[in-house]
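A look at the structure
Below, each chain spelled out in residue letters.
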Amino acid sequence: MKIKESAALTRDVLEQHFNDLKGTLRKLLDERLVSLLQEVDAIEQDSIKPLEECQKLIEHGVSTADELVREGENAIHGATGEDRDKLCSFTKKALHIQLDSLPEVPTLVDVPCLSAQLDDSLLTIVKSEIFKHGTVASRPPIQIEELIEKPGGILVRWCKVDDDFIPQDYRLQYCKSNASHFEDVYVGSETEFIVLHIDPNVDYQFRVCARGDGRQEWSPWSVSQIGLTTLVPHEWALGFDGYSLSSRRNIALRNDSQPGGVLYSKAPTYYCGQTLTFRIETVGPVDKKDSIGVCVEQQNGCDSLQRDKAVCISTNGAVFVNGKEMTNQLPAVISGSAVTFDMEAVNLGPPNNNEGGNFKLRVTISSNNREVVFDWVLDQCCSSLYFGCSFSYPGWKVLVF
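Report follows, based on the coordinates. This structure is a prediction, so every number in the text was calculated from the model and none was measured.

A few points about a nonpolar patch on the surface
Residues Leu14, Phe18, Leu21, Leu25, Leu28 and Val136 make up a contiguous nonpolar surface patch of roughly 490 Å² in combined accessible area. Of note, valine 136 is situated in the loop between helix H3 (121-132) and strand E1 (142-150).

Re the pattern of salt bridges
Taken as a whole, this structure holds 13 salt bridges when the rule is applied. Between glutamate 192 and arginine 157 there is a salt bridge; the shortest N-O distance is 2.7 Å. You can see glutamate 192 sitting in strand E5 (residues 192-196) and its partner arginine 157 sitting in strand E2 (residues 153-160), a full 35 residues away along the chain. Residue glutamate 192 is classed as partly exposed on the basis of its relative accessible area, which comes to 36%. Judged by its relative accessible area of 26%, arginine 157 is partly exposed. A salt bridge links arginine 215 to glutamate 217; the nearest nitrogen and oxygen atoms lie 2.3 Å apart.

Considering the nonpolar core
Phe278, Met343 and Trp376 are the most contacted members of the largest nonpolar core, which has 36 residues in total. Counting residues in hydrophobic clusters, the runner-up holds 16 residues, among them Phe165, Tyr170, Ile198 and Tyr204.

Thoughts on the sheet that holds strand E4 (residues 183-188)
The antiparallel open sheet is built from 4 strands, whose spatial order is E4-E3-E6-E7. A single partner strand is all that each edge strand has here, and the edge strands are E4 and strand E7 (225-227). Across the sheet, the mean angle from the axis of one strand to that of its neighbour is 30°, orientation sign disregarded.

Focus on the sheet that holds E1
Strand order in the open sheet made by the 3 strands is E1-E2-E5, with antiparallel pairing throughout. Where the open sheet ends on each side, the last strands, each with one partner, are E1 and E5. For this sheet, the mean angle separating the axes of adjacent strands, direction not counted, is 25°. In the sheet, E2 pairs with E5 via 5 bridges, with the strands oriented antiparallel. Residue pairing in the sheet places leucine 155 in a bridge with isoleucine 194 of E5.

Quick word on the packing of aromatic side chains
All told, the structure shown has 11 aromatic pairs when counted by the stated rule. Measuring from ring centre to ring centre gives 6.2 Å for tyrosine 174 and phenylalanine 206, while their planes differ by 15°; the resulting arrangement is stacked. Residue tyrosine 174 is located in strand E3 (residues 167-176), and its partner phenylalanine 206 is located in strand E6 (residues 204-212); the two are separated by 32 residues in the primary sequence. The exposure class assigned to phenylalanine 206 is buried, which follows from its relative accessible area of 0%. Through pairs of rings, three or more aromatic residues link up here, namely Trp158, Tyr170, Tyr186 and Phe193. A cation over an aromatic ring shows up here: arginine 207 above the ring of phenylalanine 182, its NZ or CZ 4.0 Å from the ring centre. The ring of tryptophan 221 carries arginine 207 above its face, with NZ or CZ at 4.2 Å from the centroid.

A closer look at the pairing of strand E14 (residues 318-321)
Every second residue of E14 is oriented toward a common face, with Ala318 and Phe320 on one face and Val319 and Val321 on the other, all of them buried. Where strand E13 (residues 310-313) and E14 come together, 3 bridges link them in antiparallel fashion. By the bridge assignment, isoleucine 313 is partnered in E14 with valine 319. Here E13 folds back onto E14, and the loop between the two strands holds 4 residues, one of which, glycine 317, carries a positive phi near 100°. Two elements, E14 and strand E15 (residues 324-329), share 3 bridges in a ladder whose sense is antiparallel. The residue bridging phenylalanine 320 from the neighbouring strand is glutamate 325, located in E15. Hairpin connection, E14 to E15: the antiparallel pair is bridged by 2 residues, and asparagine 322 has positive phi, about 50°.

Some thoughts on the pairing of strand E19 (residues 386-390)
Two faces, one strand: in a regular strand the side chains alternate between the faces of the sheet. In terms of burial, E19 is largely enclosed, as 5 of its 5 residues are buried. Residues Tyr386, Gly388 and Ser390 point to one face of E19 and Phe387 and Cys389 to the other, with burial holding for every one of them. As defined by bridge partners, strand E10 (residues 263-264) adjoins E19 across 2 bridges and the pair is classed as antiparallel. For tyrosine 264, the partnering residue across the bridge sits in E19 and is glycine 388.

Examining H3
An ideal rise of 1.5 Å per residue puts 16 Å on 12 residues; H3 measures up with 17 Å between its terminal C-alpha atoms. Burial runs low along H3: only 0 of the 12 residues are buried. Glycine 134 occupies a position one or two residues after H3 and carries a positive phi of about 85°.

What about the environment of histidine 17?
In this fold, histidine 17 is placed in helix H1 (residues 2-77). Along the primary structure histidine 17 and glycine 134 are separated by 117 residues, whereas in three dimensions their C-alpha atoms are 9.8 Å apart. A distance of 2.7 Å separates a polar atom in the side chain of histidine 17 from a polar atom in the side chain of histidine 133.

Conventions and cut-offs
- Every chain's residues receive numbers from 1 upward, in the order its sequence appears when written.
- A pLDDT threshold of at least 70 governs which residues receive local features in this predicted model, and a stricter bar of 80 or more applies before side-chain atom pairs are shown or counted, although totals over entire chains, interfaces and linings include all residues.
- With hydrogens and water set aside, each side-chain value is computed from the structure's full complement of heavy atoms.
- Like charges within 9 Å and nonpolar side chains (Val, Leu, Ile, Met, Phe, Trp, Tyr) within 5 Å are joined into patches, using only residues over 30% in relative accessible area that form no salt bridge.
- Per-residue and other accessible areas were derived by the Shrake-Rupley procedure at a 1.4 Å probe size, with only the shown protein chains allowed to occlude residues.
- A pairing counts as a salt bridge when a side-chain nitrogen of Lys or Arg comes within 4 Å of a carboxyl oxygen of Asp or Glu.
- In this description a helix means any DSSP run of H or I spanning at least four residues, a strand means any run of E spanning at least two, and both kinds are numbered starting from the N terminus.
- Buried, partly exposed and exposed residues are distinguished by accessible area as a fraction of the type maximum, computed with a 1.4 Å probe on protein chains only: under 20%, between the cut-offs, and over 50%, respectively.
- Throughout this description, the term nonpolar core refers to a set of buried Ala, Val, Leu, Ile, Met, Phe, Trp, Tyr and Cys residues connected via side-chain atoms within 4.5 Å.
- Strands are labelled as partners when DSSP assigns at least two bridges between them.
- Only the stretch in contact is used when a helix axis is fitted, and all axes are lines through C-alpha atoms; the angle between N-to-C directions ranges over 0 to 180 degrees.
- A pair of Phe, Tyr and Trp rings is counted when the ring centres sit within 6.5 Å of each other, with Trp represented by its six-membered ring. The angle between the planes then sorts it: under 30 degrees is stacked, over 60 is edge-to-face, the rest tilted.
- Charge-over-ring contacts are defined here by two conditions on Lys NZ or Arg CZ: a distance within 6 Å of the ring centre and an angle within 35 degrees of the ring normal.
- A helix is expected to reach a length of 1.5 Å times the quantity of its residues less one.
- N or O atoms closer than or at 3.5 Å make up a polar contact, with two conditions inside protein: a donor-capable atom paired with an acceptor-capable one, and, for residues adjacent in sequence, both atoms drawn from side chains.

None of the figures reported here should be taken as evidence of function without further support.
The following block contains the structure:
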């Protein structure tokens, strides 16, 4: 069934494309013909105009001479005084008319002779290009490899399945399963992309294609895959002075309001085993108390996540665990930076007298191709965590997903 459907669709696409191509070629040829005929008309008019003027001068001279001859004959044959006056008038007129003067007539070699120069090699070139135009593939060179649910999004990964195909760019599209119109969501050279603004528990279709190295056209689409996420999107908490939120509440902007402090998530929506990402959209002035991270609980009144029961990174790259700065440091945060937090439970057991806790998380913080890994010891089990950020100065904008 799938083979017959794809074959029928391919036939329709080929017929439509070549019909459009024939129409376009016919239009281009007609336009070229009109342009050449206009050139012929222009050359004809420019070339024949001086010859027509010359003809008019000669015809006028002959007409004048003919009139003068008739007038002279009448004057000669007359004998009366009136005729003698005509003879005198004829004599004076004959002296002033130059009957032996003719306009310059161009030589035969100077007269244009139009012809059409048509190169038959165009047919050879067009024929060669037509025979190379278009291919039929038994399967697309790119296929979707994996769909991974994320909070409010889906991570799409794809791979090349044709060893002879050399991709330059990829193009990812998606739509809701009950819709028929796909829309572009990513074009670039990466082989994975997180599609955000996905409604939880709703099926979405995804498909991908690629453009070969040095080519302009896109490859056939991959087989569409259906994915969904059951994870609610991460959101910042509303009603906090000093921060403005986007309509989906996943972007926070530090505004010009004086009150600062920590902006927390709406709920503890980060779970171990997930990847939490903060993407810095814009930056402002740096302060050593700035922080981006996760915490066990909200503590109103704190001006930073550099405190107990929290791990964070400052905008200068310093890493803090329970309020203590680590020796290892990450690069400073810049516009476009993506700071990621990954956590997994290490042990669940009785209190450890040396470490003072009975719950340990293995934390990995990555930023600008660098990462730090450490164990975060807590005195109680935490199934989910809050995330937060704090900036002393305006201008910072953070997207969380």
